[in-house]
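Fold and contact review
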Amino acid sequence: MHHTTALLIELGAIILALGLLGRFAGRVGFSPIPLYLLAGLAFGHGGILSLGASEEFIATGAEIGVILLLLLLGLEYSAGELVTNLKTQFPSGIVDFVLNALPGAVAALLLGWGPVAAVALAGVTWISSSGVIAKVLGDLGRLGNRETPVILGVLVIEDLAMALYLPLLTALLAGAGLAGTGLTLLISLGTVGAVLYVALRHGRLLSRAVSSSNPEMLLLVVLGLTLLVAGIAQQLHVSAAVGAFLVGIALSGRTAEGAGVLLSPLRDLFAAVFFVFFGLSTDPADIPAVLVPALLLAVVTAGTKIATGWYAAGRAGVRAAGRWRTAGALVARGEFSIVIAGLAVGAEPRIGPLATAYVLIMVVTGPVAARFTEPVARRLSRRAPAPAATPVVTSAPAADAERRDTEAMPAP
């Protein structure tokens, strides 16, 4: 009875604190992720006050948070959009991978952490934060800009690449040999291909089978299906997060929209718990030792993301103003960097403090970079029109917005 009472008190205090931190972040206009991480650091091992009663519950909530993050991400895209982006944005995706994964891998090797940690840190520095970037674009009124489909296209390629990267990392962390890792990748490729095929050919039938006019039934079916598939995927060493992402892709139309509306509050709650849990498992005393490498890595990878955005927008024929806006928008890292680091902590404990410091820097730097490019974009917006190029289509809403506003630059 005493344990249950302590659990309720701790959970109530944590959720209330998260709500207050989120409100404060919204008022000052930046992502709440760094505040959630700092809260975890303050009340974790080596922090101001250690939370004991709720630690197991928070760990389970953190796993659900990752699953819901990937599910909601999958719900935002249809299989057709993913295939289209893969065709049109593939060169930009390759440039993005090379420029941004390489610094992380090199840093891990220079620090003497070994090849598995190098693969993990490469992912930390490679993947941009879809959540932070989407919020920044909305806050700055750029959703109708011509460069926005390019930004979304790069993010879609990264998200799709996660379906192969996460199983690869999981296999390496589990100590699987060459044959085991190759088998895991084959299973992942087969699963992704099968889901895309079913979603393209029979997506309506699947969505109709899951759909319900009763919100309660829709929530229970979609959430239950997602957790079941995520568990099976984890059992096959593919990654629970990837299983959830594929469920999101398989659903489409009104079913996906309805599920997204119902699950968004749950996603926000458990994602916040996930960031707190990562902070709880990181000892603040370990951060000063990795602060200099984190700062250097932040400077380098901010520059490589800017170069990625400039190249990707240039391929789409976007003018200099839009290329600068694209470059600044892609800088932010966040949720996926923490997800990857959370997987790798068991193999290389030092990657946790480094990833925490790195994300704290980048999740603040990202929105600042997006805003900082605004004056540059304004000055360049009066220059010569863009050269002719094949337009990049990311999604129907983005494409419609692109037609409505080819180079609009609304004030933030």
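Residues numbered from 1 in each chain as written. Predicted model: local features only at pLDDT ≥ 70, side-chain atom pairs only at ≥ 80, totals over all residues. Heavy atoms only, no water.

As a reminder, the rule being used: UniProt positions are given in the numbering used here, feature names are shortened, and annotations may be inferred rather than shown by experiment.
Under the annotation held in an unreviewed UniProt entry, the protein chain carries the name Cation:proton antiporter and is attributed to Streptomyces alfalfae. Per its UniProt entry, the protein chain bears the Subcellular location (unreviewed entry) comment "Membrane". Quoted verbatim from the Sequence similarities (unreviewed entry) field of UniProt, the annotation for the protein chain is "Belongs to the monovalent cation:proton antiporter 2 (CPA2) transporter (TC 2.A.37) family."

**Looking at the packing of helix α10 (residues 215-235) against helix α11 (residues 240-250)**
Our working definition: Every axis in this analysis is a line fitted to C-alpha atoms, fitted for helices over the stretch in contact. Angles between the N-to-C directions lie between 0 and 180 degrees. Put simply, DSSP marks the helices as runs of H or I at least four residues long and the strands as runs of E at least two long, and each gets a number from the N terminus on. Oblique is the label for any angle not under 35 degrees, not over 145, and not in the 65 to 115 range, which are roughly parallel, roughly antiparallel and roughly perpendicular in turn. Crossing handedness is defined as follows: a turn of the near helix away from the far one that is anticlockwise and smaller than a right angle gives a left-handed crossing, while the clockwise case is right-handed. Residue contacts are counted whenever heavy atoms from the two residues lie within 4.5 Å of one another.
Across the interface, α10 lies against α11 with an axial gap of 7 Å and an inter-helix angle of 140 degrees. Compared by their axis directions, α10 and α11 come out oblique. You can see that α10 and α11 cross each other, and the crossing is right-handed. Side by side, α10 and α11 meet where L225, T226, V229, A230, A233 and Q234 of the first sit next to A240, G243, A244 and V247 of the second.

**Considering a nonpolar patch on the surface**
Stated precisely, the cut-off is as follows: Put simply, a patch holds well-exposed residues, over 30% relative accessible area, that have no salt bridge, with like charges counted together within 9 Å and Val, Leu, Ile, Met, Phe, Trp or Tyr side chains within 5 Å. All accessibility values rest on the Shrake-Rupley procedure with a 1.4 Å probe; residue burial counts only the protein chains present in the view. One speaks of a salt bridge when a side-chain nitrogen belonging to Lys or Arg is within 4 Å of a carboxyl oxygen belonging to Asp or Glu. When a residue's accessible area, from a 1.4 Å probe over protein chains only, is under 20% of the maximum for its type it is buried; when over 50% it is exposed; and in between it is partly exposed.
A surface patch of nonpolar side chains, about 760 Å² in accessible area, is lined by L86, F90, I94, F97, V98, L102, V106 and L110. In terms of residues, the nonpolar patch owes the most to one element, helix α5 (residues 90-110), which gives seven residues. Along the chain, the position of L110 falls in helix α5. By relative accessible area, which is 72% here, L110 ends up exposed.

**What to know about the packing of α10 against helix α12 (residues 253-280)**
Test applied: Throughout this entry, Asp, Glu, Lys and Arg are counted as charged residues, while Ala, Val, Leu, Ile, Met, Phe, Trp, Tyr, Cys and Pro are counted as nonpolar. The remaining residues, Gly among them, count as polar.
Where α10 contacts α12, the two axes come as close as 10 Å, and the packing angle between them is 80 degrees. With respect to α12, the axis of α10 lies roughly perpendicular. The segment α10 lies against α12, with P215, L218, L219, V222 and L223 engaging T255, G258, A259, L262, L263 and L266. Residues belonging to the contact of α10 with α12 are distributed by class as follows: nine nonpolar, two polar and no charged.

**A few points about the nonpolar core**
Cut-off, in case you're wondering: By nonpolar core is meant a set of buried Ala, Val, Leu, Ile, Met, Phe, Trp, Tyr and Cys residues that side-chain atoms within 4.5 Å join together.
By size, the foremost hydrophobic cluster in this structure holds 111 residues, and its most contacted members are L37, L70, L71, L121, V222, I340 and Y358. Among residues more than four places away in sequence, those in contact with L70 are A241, A244, F245 and F336.

**Regarding the packing of aromatic side chains**
This is how it is decided: Any two rings among Phe, Tyr and Trp, with Trp reduced to its six-membered ring, count as a pair given centres within 6.5 Å; such a pair is stacked if its planes are under 30 degrees apart, edge-to-face if over 60, and tilted if neither.
Taken as a whole and assessed by the stated rule, the structure comprises three aromatic pairs. Between F97 and W126 the ring centres are 4.9 Å apart and the planes differ by 75 degrees, which places this aromatic pair in the edge-to-face class. Here F97 is found in helix α5, whereas its partner W126 is found in helix α6 (residues 115-126), with 29 residues between them in sequence. Residue classification places F97 among the partly exposed residues on the basis of a relative accessible area of 41%. Plain terms: the ring middles of W310 and W324 are 5.3 Å apart, the flat faces sit at 65 degrees to each other, and that makes the pair edge-to-face. With W310 in helix α13 (residues 287-315) and W324 in helix α14 (residues 320-329), this pair connects stretches of sequence that are 14 residues apart.

**Comments concerning the confidence of the model for the protein chain**
So the rule is basically this: Known as pLDDT, the predictor's per-residue confidence is scaled from 0 to 100.
For the protein chain, the average pLDDT comes to 80, and 86% of its residues sit at 70 or higher. Per-residue pLDDT, averaged within each element of the protein chain, yields its smallest value for helix α17 (residues 396-404) (40) and its largest for α5 (94).

**Side note on the layout of surface pockets**
Here is the rule: A pocket, in this scheme, is an open set of points on a 1 Å grid over the protein atoms alone with protein on both sides within 12 Å along at least 5 of 7 lines, while a cavity is a set where a 1.4 Å probe fits but cannot get out; residues line either one if an atom lies within 4 Å of a point. Grid points are joined across faces, edges and corners, and a volume is the space filled by probe spheres set on the points.
In this structure, the largest pocket occupies an estimated 1,200 Å³ of space. Residue lining of the largest pocket: 41 residues in total, with E76, S130, G131, A134 and R267 positioned closest to the centre. Listed by contribution, the elements that provide at least two residues to the lining of the largest pocket are α2 (33-42), α3 (55-75), α7 (130-139), α8 (148-173), α12, α15 (335-344) and α17. Residue composition of the lining of the largest pocket, by class: 22 nonpolar, 12 polar and seven charged. In this model, the second largest pocket occupies a volume close to 660 Å³. Together, 25 residues line the second largest pocket, and E63, V66, Q234, G342 and L343 are the ones closest to its centre.

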